[in-house]
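Observations on the model geometry
So the chains spell out like this:
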Amino acid sequence: MKIVFLTRRFYPDIGGVEKHVYEISKRLMKKGHRVTIVTQSQGEKDEIDGIRVIRIDSIPKNTSEKIHIWKWVLANRKLFKNANVIHSHDVFFWYLPIKLLFLSKKSFITFHGYETYPISKKAVIIRKISELLADGNIVVGDFIKKWYGTKPDYVIYGGVDVPIQFEKPKRLESAVFIGRLDEQTGVLDYAEAVDLIRKDNPKFEFSIVGDGKYKKRLERHKPLGFKENSMNYLKLYNFAFVSRYLSILEALASRRLVFALYDNPVKEDYLKMAPFAKFIIISNSPERLAEKVKYFLNNPKQSEKFVNEGCKWVKKQSWDNVVK
């Protein structure tokens, strides 16, 4: 089949959706399908591992993003006409002008995550329209059913490659944060928790792998920026401070105890409604997180119990299963 994926961000950008689309595209290519990515992410490469990448021109100043994209889609309608399947990752509205031209062509959508809290009525309406117009949908996380009223065909949580061998961390009193440096990931609260931990344990080691608008506010921790293979950093530290699905799965696969923070009801359900919730440590404040870190440092057997159960569960969450 000829498959066209629509996604706002892709390589060279780094993130959960970007990796999701990349990993399933690679595997679909190996199964003999032809995959084309349409994205707003700018970059020099127009082919990655055999995957064709078409980049929408940057939006001119004082121009509506929606109108700019619709013009591009209409100008490139032959690409969509020749495809067997159109699959959007959140951005189904990109496809609307072509949907009206090719009503019989199969089109699908994967809903990833959520907008900023509180979720606006507009965001809910846009998703409901996308759901109604698509021939089927996948949601990443059970919480989407509750907060958006989506009726999914499939619920997934992403995928991961589980290492054959596991490495012990260089230092038990250590943690790593992986993700964007913004309000969505709770990085400032993680940093505050580390400050509290260090009052009793000054040698507690902490690193930040990521980038974003809070970089300057976190200079004391010397953020390392985005790295393409974050699992290499998980190997170095005992605890994983992560609160997004893909990073959580990677931490569980690396046999690391996960500490996840939430600061609003949506993020609380995002974490607590997930099947892996019982294998990770979920907190709602830097103070509670710091207390729990201290507890598991003093009770390594309890930590190992969570890690073992989490690793057992995550082995079933392969990218091949996501592709199916």
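Throughout what follows, the structure given in this document is the object of discussion. Computed from a predicted model, the values in this text were never measured in an experiment. Counting from 1, residues in each chain are numbered in the order their sequence is written. Local features in this predicted model are restricted to residues of pLDDT 70 or higher, and side-chain atom pairs are both shown and tallied only at a pLDDT of 80 or more, whereas totals for entire chains, interfaces and linings draw on every residue. Side-chain measures were taken over the full set of non-hydrogen atoms in the model, leaving aside hydrogen atoms and water.

**Description of the packing of aromatic side chains**
- Pairs were defined over the aromatic rings of Phe, Tyr and Trp, the Trp ring being its six-membered one, requiring ring centres within 6.5 Å. Orientation was assigned from the angle between planes: stacked under 30 degrees, edge-to-face over 60, tilted for the rest. Following the criterion strictly, the structure yields 20 aromatic pairs and no others.
- Ring centres 6.1 Å apart and planes at 80° place the aromatic pair Tyr-157 and Phe-276 in the edge-to-face group. Placement of Tyr-157 in the loop between β8 (154–156) and β9 (171–178) and of Phe-276 in the loop between α10 (265–272) and β13 (281–283) is noted, with a sequence separation of 119 residues between them. Of the two residues, Tyr-157 and Phe-276, both sit in the buried class.
- With a centroid separation of 6.4 Å and an interplanar angle of 40°, the aromatic rings of Phe-279 and Trp-313 are classed as tilted. Linking Phe-279 in the loop between α10 and β13 with Trp-313 in helix α12 (residues 300–314), this pair joins segments that are 34 residues apart in sequence. Note on accessibility: Phe-279 and Trp-313 belong to one class, buried.
- Chaining the aromatic ring pairs together yields one cluster made of Phe-177, Tyr-190, Phe-206, Phe-239, Phe-241, Phe-259, Tyr-295, Phe-296 and Phe-306. Only DSSP runs of H or I with at least four residues qualify as helices, and only runs of E with at least two residues qualify as strands; both kinds are numbered from the N terminus onward. Only protein chains enter the accessibility calculation, which uses a 1.4 Å probe; a residue whose area is less than 20% of its type maximum is buried, one above 50% is exposed, and one in between is partly exposed.

**Quick word on the sheet that holds β9**
- Each pair of strands is called paired provided DSSP finds at least two bridges between the two strands. Sheet architecture is open: five strands sit in the order β10-β9-β11-β12-β13, paired in parallel fashion. Every other strand in the sheet has two partners, leaving β10 (205–209) and β13 as the edge strands with one partner each. Going from strand to strand, the sheet's axes swing by 25° on average, the running direction of each strand aside.
- Note that strand β12 (residues 257–261) and β13 share three bridges and pair parallel. Pairing of Ala-260 across the sheet is with Ile-282, part of β13. A fitted line through C-alpha atoms represents every axis, and for helices the fit uses only the stretch in contact; the resulting angles, taken between N-to-C directions, go from 0 to 180 degrees.

**Points about the pattern of salt bridges**
- Any Lys or Arg side-chain nitrogen found within 4 Å of a carboxyl oxygen on Asp or Glu counts as a salt bridge. Scanning the entire structure with this criterion turns up 20 salt bridges.
- For Arg-27, the salt bridge identified is with Asp-161, shortest N-O distance 3.3 Å. Note that Arg-27 is positioned in helix α1 (residues 16–30) and Asp-161 in the loop between β8 and β9, a separation of 134 residues in sequence.
- You can call Arg-27 buried: its relative accessible area is 15%.
- A single network of salt bridges, built from pairs that share partners, joins Glu-23, Lys-26, Arg-27, Asp-161 and Asp-320.

**What about unusual backbone geometry?**
- In this structure, the amide linkage connecting Tyr-11 to the following residue, Pro-12, adopts the cis form with an omega of 15°.
- With respect to the secondary-structure elements, Pro-12 resides in the loop between β1 (2–7) and α1.
- One non-glycine residue with positive phi stands out, namely Asp-90, at about 75°.
- Position of Asp-90 relative to the elements: it lies in the loop between β5 (85–89) and α4 (96–101).
- A relative accessible area of 30% places Asp-90 in the partly exposed class.
- With phi around 60°, Arg-255 is a residue other than glycine that occupies positive phi space.
- Structurally, Arg-255 can be placed in the loop between α9 (245–253) and β12.

These values are about where atoms sit, not about what they do.
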